[in-house]
Protein chains: 2
Amino acid sequence: MSSTPTFKRLPRAVREQQMLDAAVKVFSRRGYHAASMDEIAEDAGISKPMVYAYLGTKEELFVACLHREGTRMTEAIAGAAAPELPADERLWRGLRAFFGFVGAHRDGWAVLYRQARGEQPFAGELAAMRARLVEVVAGMLDHALRAEGREIAGADLELAAYALVGASESLADWLADHPEADPEKTATRMMNVAWLGADQLLNGVTWRPPER
Amino acid sequence: MSSTPTFKRLPRAVREQQMLDAAVKVFSRRGYHAASMDEIAEDAGISKPMVYAYLGTKEELFVACLHREGTRMTEAIAGAAAPELPADERLWRGLRAFFGFVGAHRDGWAVLYRQARGEQPFAGELAAMRARLVEVVAGMLDHALRAEGREIAGADLELAAYALVGASESLADWLADHPEADPEKTATRMMNVAWLGADQLLNGVTWRPPER
DNA sequence: GCGTAACCTTACGCACCAGTAGGTATGCTC
DNA sequence: GAGCATACCTACTGGTGCGTAAGGTTACGC
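All values reported here derive from a predicted model rather than from experimental measurement. (Residues numbered from 1 in each chain as written. Chains lettered and ligands numbered in written order. Predicted model: local features only at pLDDT ≥ 70, side-chain atom pairs only at ≥ 80, totals over all residues. Heavy atoms only, no water.)

A. Up close: the overall build of chain A. Across its full length, chain A carries nine helices and zero strands. Of the regular secondary structure in chain A, the N- to C-terminal order runs α-α-α-α-α-α-α-α-α. Considering only contacts in chain A between residues 6 or more positions apart, those separated by 24 or more positions represent 67%. In the structure as shown, chain A presents an accessible area of about 10,100 Å², 53% of it carried by carbon and sulfur atoms. (Helix = DSSP H or I, 4+ residues; strand = E, 2+ residues; numbered from the N terminus. Contact = heavy atoms within 4.5 Å. Areas by Shrake-Rupley, 256 points an atom, 1.4 Å probe, with all protein chains shown as cover.)

B. Representation of the interface of chain A and chain B. Chain A puts 46 residues into the contact, and the matching count from chain B is 47 residues. Taking both partners together, chain A and chain B bury about 4,100 Å²; carbon and sulfur atoms supply 62% of that area. Seen at the junction of chain A and chain B, the total is two salt bridges. For the salt bridge of D173 of chain B with R117 of chain A, the shortest nitrogen-to-oxygen distance reads 3.5 Å. The interface formed by chain A and chain B holds eight residue pairs in polar contact (both at pLDDT 80 or more) in total. Elements represented by at least two residues in the side of chain A that touches chain B include exactly α1 (12–30), α5 (87–104), α6 (106–115), α7 (120–147), α8 (154–177) and α9 (183–202) of chain A. Per element, the largest residue contribution to the side of chain A that touches chain B is 13 residues, and it comes from α8 of chain A. (Buried area = accessible area lost by both parts, 1.4 Å probe. Salt bridge = Lys/Arg side-chain N within 4 Å of Asp/Glu carboxyl O. Polar contact = N/O pair within 3.5 Å; in protein donor to acceptor, adjacent residues only side chain to side chain.)

C. Examining the protein's contact with DNA strand D more closely. Taken together, the neighbourhood of DNA strand D is formed by 19 residues, with K48 and K58 of chain A together with R9, R15 and S47 of chain B sitting nearest. If you look at DNA strand D and keep only atoms within 4 Å of the protein, 60% of those are sugar or phosphate atoms. Between DNA strand D and S47 of chain B, the relevant distance is 2.8 Å, taken from a phosphate oxygen to a side-chain nitrogen or oxygen of the residue. Elements represented by at least two residues in the surface near DNA strand D include exactly α3 (48–55) of chain A together with α1 (12–30) and α3 (48–55) of chain B. Classifying every residue of the surface near DNA strand D by side-chain character gives nine nonpolar, three polar and seven charged. (Near = heavy atom within 4 Å. Nonpolar A, V, L, I, M, F, W, Y, C, P; charged D, E, K, R; others polar.)

D. Geometry of the environment of P83 of chain A. With respect to the helices and strands, the residue P83 of chain A is situated in the loop between α4 (58–80) and α5. For the pair P83 of chain A and M140 of chain A, spaced 57 residues apart in the sequence, the C-alpha separation amounts to 8.1 Å.

E. Expanded view of the packing of aromatic side chains. Using the criterion set out here, one finds 16 aromatic pairs over all chains in the structure. On the numbers, 4.4 Å between centres and 35 degrees between planes, the contact of F62 of chain A with F122 of chain A is tilted. Note that F62 of chain A is positioned in helix α4 and F122 of chain A in helix α7, a separation of 60 residues in sequence. For the residue pair F62 of chain A and F122 of chain A, the accessibility class agrees, reading buried in each case. With a centroid separation of 5.1 Å and 75 degrees between ring planes, the pair formed by Y32 of chain B and F62 of chain B is classed as edge-to-face. Of this pair, Y32 of chain B sits in the loop between α1 and α2 (37–43) while F62 of chain B sits in helix α4 (residues 58–80), and the two are 30 residues apart along the sequence. When its relative accessible area of 8% is taken as the criterion, Y32 of chain B is described as buried. One aromatic cluster in this structure is built from F27, Y32, F62 and F122 of chain A. (Phe/Tyr/Trp six-rings, centres within 6.5 Å; stacked < 30°, edge-to-face > 60°. Buried < 20%, exposed > 50% of the residue type's maximum accessible area, 1.4 Å probe, protein only.)

Now the structure itself:
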């Protein structure tokens, strides 16, 4: 509809989002190093110096991607798992939101968890995000425990949360590689493994290594 | 004590192992791309052309690392989890071997699961290794189920195995970053979450999403 | 309708690093 | 102790891609 069929001059905020979209896409397909700034710029329909002008160096650009995707994800989860719900309902809603996010943003997921993990400059950033998530899950378990008058050592609690988060990430990876799969169903399956185990833990059932 | 205080000429097989040791170390610390062949050579106490002569290009070198560490790990696990044992005992021994391996080869673990995942050329290789592991776990669960005359749909079984493997990887990552942690204890904690959940599953208990 | 500021481009410098060419030393065999 | 194979080195090249300098172009204010 526009009278200019070539380019349009767009306000900064819009261009930045386009650039981030392109960056997430290229980073996820090629990997951090193999992705070239030229390709990102081209994919965004813009030239390279604009990327530098708006988002800074390659490293800063990647961090920006990380932040945007990370924020989107944590907000999606936090918004779904309201703290006043019972533990199993909270876990279920959180998982559903999580897998829903991954299903809808497979590229973003790949950037977050496949790329950021290996590259030193970002590993710390990612670890912090993950730690927050683990903290939330641990808090949830703890809350449920206290409601029943029970308690678990802090370290055990945290590790249980860590395991749950890891299992979810693993299934998320599977989901990202299977476009035909249904996020909702994946969440249900995760819930089956996670909750049944967690429920036992909450009820004070523990497994002990065989005596020898 | 040798009369030559400078270097020693060593047979190829020995030097290759030294190079692989150095490569695993440098790859795990720097990441695949940031690692330079010069640094690897220096760390191995040798010059770069030797690395090329023995192990080939950077990509081939990384694959060699991947293979060595992967083989070591799968052999450690397979050797511990004998198929004739009952399911819980098998799972326990497998987990113990797994965490023991990660605790003793933190660098190798980092190469396998943090680096290889992000880089396209190796992701496939790694995925295949992982798939074999998932298959083993799934087979174990299936075996235990049939022993009780039960059955689960193949997809559900596989996803449960996937979740278990993912949770273990997550704890392994935690372990790799906490040198003071005890692998045996970590395995026990993992077993607590995994087995209690799996046991429920095996007993036909399933969780269902709330009706609405 | 003209200045000006923001938007956008082409084209290049520069550093870094994978991979190699060509040559030297050492030990082993007969 | 001559000859050969294998271990090993120094020093270079070539390509790739990040980051930038310097200059065009469009839209908006007045």
